[in-house]
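As a plain string of letters, each chain reads:
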4 protein chains.
Amino acid sequence: MSGSSGTIPVAIVGAGGFTGCELAWILAGHPVFETVALFGSGGGDGVRAIADVEPRLRGVVDLNIEAASVGEILASGARVVFLATPHGVSAELAGPLVNAGVTVVDLSGAFRLRDGALHAAHYGFARDAALVDEAVYGLPERTRGTLAGASLVACAGCYVTAASIPLGVLAEAGAFRAGTRPIVDAVSGVSGAGRGASMNLGAVSARPYGVGSHRHAPEIEMNVGPVVFQPQLGAYDRGILGTMHVELSPEWEGADVGAAFGRAFAGEPFVRVMPEGVWPSVAGVRGTNFIDVAWHVDEERAHAVVFAAIDNLVKGASGQAVQCANIAVGIDETAGLLPGGVRTAAGVGA
Amino acid sequence: MSGSSGTIPVAIVGAGGFTGCELAWILAGHPVFETVALFGSGGGDGVRAIADVEPRLRGVVDLNIEAASVGEILASGARVVFLATPHGVSAELAGPLVNAGVTVVDLSGAFRLRDGALHAAHYGFARDAALVDEAVYGLPERTRGTLAGASLVACAGCYVTAASIPLGVLAEAGAFRAGTRPIVDAVSGVSGAGRGASMNLGAVSARPYGVGSHRHAPEIEMNVGPVVFQPQLGAYDRGILGTMHVELSPEWEGADVGAAFGRAFAGEPFVRVMPEGVWPSVAGVRGTNFIDVAWHVDEERAHAVVFAAIDNLVKGASGQAVQCANIAVGIDETAGLLPGGVRTAAGVGA
Amino acid sequence: MSGSSGTIPVAIVGAGGFTGCELAWILAGHPVFETVALFGSGGGDGVRAIADVEPRLRGVVDLNIEAASVGEILASGARVVFLATPHGVSAELAGPLVNAGVTVVDLSGAFRLRDGALHAAHYGFARDAALVDEAVYGLPERTRGTLAGASLVACAGCYVTAASIPLGVLAEAGAFRAGTRPIVDAVSGVSGAGRGASMNLGAVSARPYGVGSHRHAPEIEMNVGPVVFQPQLGAYDRGILGTMHVELSPEWEGADVGAAFGRAFAGEPFVRVMPEGVWPSVAGVRGTNFIDVAWHVDEERAHAVVFAAIDNLVKGASGQAVQCANIAVGIDETAGLLPGGVRTAAGVGA
Amino acid sequence: MSGSSGTIPVAIVGAGGFTGCELAWILAGHPVFETVALFGSGGGDGVRAIADVEPRLRGVVDLNIEAASVGEILASGARVVFLATPHGVSAELAGPLVNAGVTVVDLSGAFRLRDGALHAAHYGFARDAALVDEAVYGLPERTRGTLAGASLVACAGCYVTAASIPLGVLAEAGAFRAGTRPIVDAVSGVSGAGRGASMNLGAVSARPYGVGSHRHAPEIEMNVGPVVFQPQLGAYDRGILGTMHVELSPEWEGADVGAAFGRAFAGEPFVRVMPEGVWPSVAGVRGTNFIDVAWHVDEERAHAVVFAAIDNLVKGASGQAVQCANIAVGIDETAGLLPGGVRTAAGVGA
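Residues numbered from 1 in each chain as written. Chains lettered and ligands numbered in written order. Predicted model: local features only at pLDDT ≥ 70, side-chain atom pairs only at ≥ 80, totals over all residues. Heavy atoms only, no water.

Trainee: Whenever I open this one, the relation of the copies chain A and chain D confuses me. Can you help?
Mentor: Each of the two chain copies can be generated from the other by rotation about an axis followed by a shift along it. The two copies are related by a screw motion: chain A maps onto chain D through a turn of 180° and a shift of 0.0 Å along the axis, at an RMSD of 0.0 Å. Taken together, the rotation angle and the small translation identify this as a two-fold axis. (Least-squares fit on C-alpha atoms with pLDDT ≥ 70 in both.)

Trainee: Just checking my understanding: could you explain the confidence of the model for chain A for this structure?
Mentor: Should pLDDT be low for a region, the predicted coordinates there are not to be read in detail. Residue and element names in this part refer to chain A. Averaged over chain A, the pLDDT score is 91; the fraction of residues at 70 or greater is 92%. Scored below 50 in pLDDT, residues 341–350 makes 16 contacts in the model with residues more than four places away or belonging to other chains. Here the prediction assigns the complex a pTM of 0.94, and the interface score ipTM is 0.92. (pLDDT = per-residue confidence, 0-100. Contact = heavy atoms within 4.5 Å.)

Trainee: What's the story with the interface of chain D and chain C in this structure? I'm lost.
Mentor: It is common to give the size of an interface as the accessible area that goes away when the parts come together. Contact residues are listed per partner, giving 33 residues for chain D and 33 residues for chain C. Taken together, the two surfaces of chain D and chain C that pack against each other cover about 2700 Å², and 62% of this comes from carbon and sulfur. Inspection of the region where chain D meets chain C yields four salt bridges. Here D:Arg301 and C:Glu221 are joined by a salt bridge, their closest N and O atoms 2.9 Å apart. Viewed at the interface, chain C and chain D are joined by ten residue pairs in polar contact (both at pLDDT 80 or more). (Buried area = accessible area lost by both parts, 1.4 Å probe. Salt bridge = Lys/Arg side-chain N within 4 Å of Asp/Glu carboxyl O. Polar contact = N/O pair within 3.5 Å; in protein donor to acceptor, adjacent residues only side chain to side chain.)

Trainee: Any chance you could explain the interface of chain A and chain D here in plain terms?
Mentor: The interface of chain A with chain D comprises 28 residues on the first partner and 29 residues on the second. Taken together, the two surfaces of chain A and chain D that pack against each other cover about 2300 Å², and 59% of this comes from carbon and sulfur. Our count for the chain A to chain D interface comes out at six residue pairs in polar contact (both at pLDDT 80 or more). Residue composition of the side of chain A that touches chain D, by class: 15 nonpolar, seven polar and six charged. (Nonpolar A, V, L, I, M, F, W, Y, C, P; charged D, E, K, R; others polar.)

Trainee: Could you clarify how one ought to interpret the domain arrangement of chain A in this entry?
Mentor: Residue and element names in this part refer to chain A. Segmenting chain A into domains produces domain 1 (4–156 + 314–348) and domain 2 (158–310). In this structure, domain 1 and domain 2 have C-alpha centres spaced 25 Å apart. Listed per partner, the contact involves 31 residues of domain 1 and 30 residues of domain 2. Counting each side, the surface lost to burial between domain 1 and domain 2 is near 2500 Å², with a carbon and sulfur contribution of 58%. Taken together, domain 1 and domain 2 are joined by four salt bridges. Ionic pairing is found between Glu 172 and Arg 142, a salt bridge with its closest N-O pair at 3.6 Å. Counting the contacts that link domain 1 with domain 2 gives eleven residue pairs in polar contact (both at pLDDT 80 or more). For the side of domain 1 that touches domain 2, the leading source of residues is helix α11 (residues 314–329), giving six residues. (Domains from an automatic or database assignment. Helix = DSSP H or I, 4+ residues; strand = E, 2+ residues; numbered from the N terminus.)

Trainee: When you look at the sheet that holds strand β8 (residues 152–155) of chain B in this model, what are you seeing that I'm missing?
Mentor: The strands that make up a sheet pair up through hydrogen bonds in the backbone, lying either parallel or antiparallel. Residues and elements named next belong to chain B. Strand order in the open sheet formed by eight strands is β3-β4-β2-β1-β5-β6-β8-β7, and the pairing between neighbours is mixed. Unpaired on one side and paired on the other, β3 (48–49) and β7 (136–138) mark the two borders of the sheet. As paired strands, β7 and β8 are joined by three bridges and run parallel to one another. Residue Gly 138 lies in a different strand from β8, and its bridge partner there is Cys 155. Across the sheet, helix α6 (residues 140–147) is in contact with β7 and β8; its angle to β7 comes to roughly 145°. (Pairing = 2+ DSSP bridges. Axes fitted to C-alpha atoms, helices over the stretch in contact; angles between N-to-C directions.)

Trainee: Hey, could you run me through the pattern of salt bridges in this one?
Mentor: A side chain with one charge may pair with a side chain of the opposite charge, provided their charged atoms come close. Residues and elements named next belong to chain A. With the rule as written, the count across this model stands at 55 salt bridges over all chains. Linking Glu 22 and Arg 238 is a salt bridge whose minimum nitrogen-to-oxygen distance equals 2.8 Å. Placement of Glu 22 in helix α1 (residues 18–28) and of Arg 238 in the loop between β11 (228–233) and β12 (240–247) is noted, with a sequence separation of 216 residues between them. Each member of the pair Glu 22 and Arg 238 is classed as buried. Across the pair Asp 311 and Arg 238 runs a salt bridge, and its minimum N-O distance is 3.0 Å. (Buried < 20%, exposed > 50% of the residue type's maximum accessible area, 1.4 Å probe, protein only.)

Trainee: I'm lost on the pairing of strand β15 (residues 303–310) of chain B in this one. Help?
Mentor: On any regular strand, side chains alternate: one points to one face of the sheet, the next to the other face. Residues and elements named next belong to chain B. Burial of β15 is extensive: eight of the eight residues sit out of reach of the surface. Side chains His 303, Val 305, Phe 307 and Ala 309 project from β15 onto one buried face, and the interleaved Ala 304, Val 306, Ala 308 and Ile 310 project onto a second face that is buried too. In the sheet, strand β12 (residues 240–247) pairs with β15 via eight bridges, with the strands oriented antiparallel. The residue bridging Glu 247 from the neighbouring strand is His 303, located in β15.

In structure tokens, the structure reads:
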């Protein structure tokens, strides 16, 4: 599946947004994927250099962001196409690209929710049912087995990733006490709102939002069953810290929580289990594809608090998309995603 | 009770800390209290101008911070003494000052917990039982009736204030479903750690702390019954945002929550109930003595999420201390604490 | 000049912007001015509560922001009108309001530059010459004598204030070496760009702007003669720190700098000269009307570096406007502007 | 010079500080250097995992920080030793390590200043003269030719790097008007103060420091001749933005500035010249080894303002150290320092 020089040509659609630029940055250091074209989100903007949108990319990615169309995307020769586009744009582009044989990795919410009615209620549009069936949910720590060879990957949402990796383990293991729902309180940096969201000073402050209505609630529930989910904006630029409360099943003892996580996360390249007494922080995962997980059990009250930290733009979006793409095309899952990935990945093209 | 010129002389002990400096700032604009002396926390530091500690105070409070002793404090002529001191220092100073007839307003945790064993377990020292009996808990929205004429006020903790004002209302009204505990997740700016806490860059990041062990947990439980409390450090300087989850009693409908808050907060000068669809933020209360409260009920699940925002250094500490002192000495509760307090308070001395 | 109850009714036009909201906040604590009406900037927005724009004002200023027109403004009964409006809007409103006998305090750049050609080049519109003649420049530390009884005050710009208060003293005293121009490098918090400016994350970063073209350059030069002025955006919300370099005249010794400042600033209520070895900071002036000034002379090189810090929304805008208004109507210059202003100002109405 | 597996073993001394941790992070992705040992700064701290100091490194660099001694460092087998140590510690360690044949790359100020008296005045200790002679100044854009094969590299200071790369070009080309000194105003994130510096809230604010006395002043002057240098702390974590003012020589026209920079920076892998109308920002270089440079000439006044932005922990410290080490040992100068360095560097070991 590799190109002539041992690389695989890829394209980014929606390259001007936060996640599109982060993808361009990550892919610049990827040993196999080579970015051959960048496209906008179809909003009619003129062609411009990506470095004029995101200064960090100057001299690193010297490509223009072109107007997006299925024809132009296919003409670029990309074998993998990342859609860092609004939900509706992803819904329109995915079908034709998949049909043309391209591997599509979608960062939007267009194909995340399996249930059509739930999707329509939260996103406001219907989807092609066959395409929904073809889509594989992109959260490798939970769905790795289904990602190899996928033609369309629907990457998990940012908050969803932080919540579902640990809570999915506990749900599967039967940790939740019957009749209770885990509580998921999570704080995100303001980049979670996207570059389009204009931020006035009042907005950059700790405050809740999406109260009782956030789109990530049904997605978390699809993964782990009923929860209460409450997102909050933090007064910083990037990163998510999730605080999750679980009422434990009567059969569970405190040590069972650690045992369940230990089994599930052994060998996971991007899950870091914190040592005793160390708690995850947004600073600790900044610019990385790691999810840091820790927990504490109050034995007397049969209550567990679980913490997870991710960089919302990396493990919560662009890094996870690359991780899914790596698996989909059959190369090292960590390629391009670890500081030490250079040497690790050296044998990839061999 | 007022001084010769219609003012009441006050002193601040522990004036060099964050809450001590905030007190000095607030009192500089108070129509009745006049700061006549500043003292340190007994750590042996030399005399220095408070403006050299907190530059904002230069030209506003031109007093030196003197070495603290009961004799010196009494010699200052202060009729009200604010103790912005470590728990142990407050425990030592409070008795002699109260016995000398001074009104003592303590911002520390020395006299908050009524239960001696619980106090000893969390603070590591025992207290004079008679003094504990004399102490009145300082959370005016819950304990106003007992504050008038108090000789020793134990002001509520910062997180405790954010949690207990709304949850106290619901607890009293019987809103909690039997067998459930409210969840209190709260984020605080780094000033909550005090000036003494050196902050390295890694520390200024969203991260949990005090997991399973924070001293404010038993204090919240003293006020509202059993809860799960989890504090978190936010990546900003000041302010607390509390997110609280309540499983509602079967008899409760959604509107009952609003009705309970409406009854409790009508006429409260420092509780601002947000209009429908507006959520509290840390920016909205910065530098004020307000607590902003909002809630959302998921009727189907009989679950309420309640939000409260305060400035941890004002309503969570120094502002609340002044509010308590105002009540204790019998002047307008809002004196010195509202932007418009100037005119409102005009009649105070009359 | 006071109203029936000893207060003076005032109105704010452009109340929804950062400086308009800051004005509303300051005036809520003013002992004489009473805000009777708020108006928008004519942009066609509907009526809304100011607390919905700036949450800090909820419960403090319970007024709606109405559509602005000369008729409505005059109908409010305001005797002083603050124009926190775009330059062009101020230019249109000022004339009719002044002619109707109202005291107009303009925070925009509409009437700052005396020179018509320079104004037109920088602001893109012409002004009524008679009105320009009537306008008094509002920088009390430099123009106090002309402000009493003024009908139209053109408040100095934010950077201009930070630069002109210290450099004006040195210029007047002849400190600049012939043939040299002071360098003014200044950093401002992002609120300097106004609420209308949408801030994406990339924008909230230390970076220069207005290179070779900022409107405040000619205004500083109007006050102190030729300079080089370079503004910079800092990664914080409010405050300006100016760093100014002066090549000293051969007749000047180091001590002459301190002597000049000492003479000029003695008795100035809002200028704080830092003690030896203490340097101004943005944190030190936050939320205050102070300008903190310090300097260092390299005797060998006959070079002085001068620092000044202000809160751009207070001394750089709304606080200075109130200071000018106080002088214009003949009340205590510090009314409403000092933490301790409560007591100090008590005799004002007497 | 490479190790058995084609890699070169390296060690970091002072690994627990900001620059030491940044080195560990960069080296984790380096295609040739392999970190084999970490050491402290000799302060007597016990052995601890570097991930316990810098959470970002967990799972990336799984090494303990050991007590430093010449013997232990040599026993590690490292062929290149990075000294991210206090000045005095570097001065003690460098000699024995150099004598043992190790390539020493020093990030401290111990060997930067050639002049012994100047060094002693600013750093307070004397150095071995032979070692000073052996030291090569590490600022590749200015001293590349002397770095190949160096046994001891004295990496340039952070502010010095931001100032000397552009001003060095202009100084060499004779751009400065006789009798004038360039002004260098520069803002640094608080990480510039090191991890050891405890930061209270007041400290994290825009404010000048090192007035008239900063150690980087003589170092900049060593590189470009007499300047005025004034550093300032910005309210953010990392990055330096320099604003430099140059009075141009009468023979110089505006275009000459661009021509000089164009000649000097053509082919420089880490210097990015901004396009017309684009200005450097701290966000644009965050986490990179780039220096972004731009300028504006006021022809009429023969004045140029020059801007430069770097990440103080990368191009200003650890990235530059790796760049110097790459040159010193004869591998690709960009190895490990570019996002796309993976593929570029692939041929290095061949």
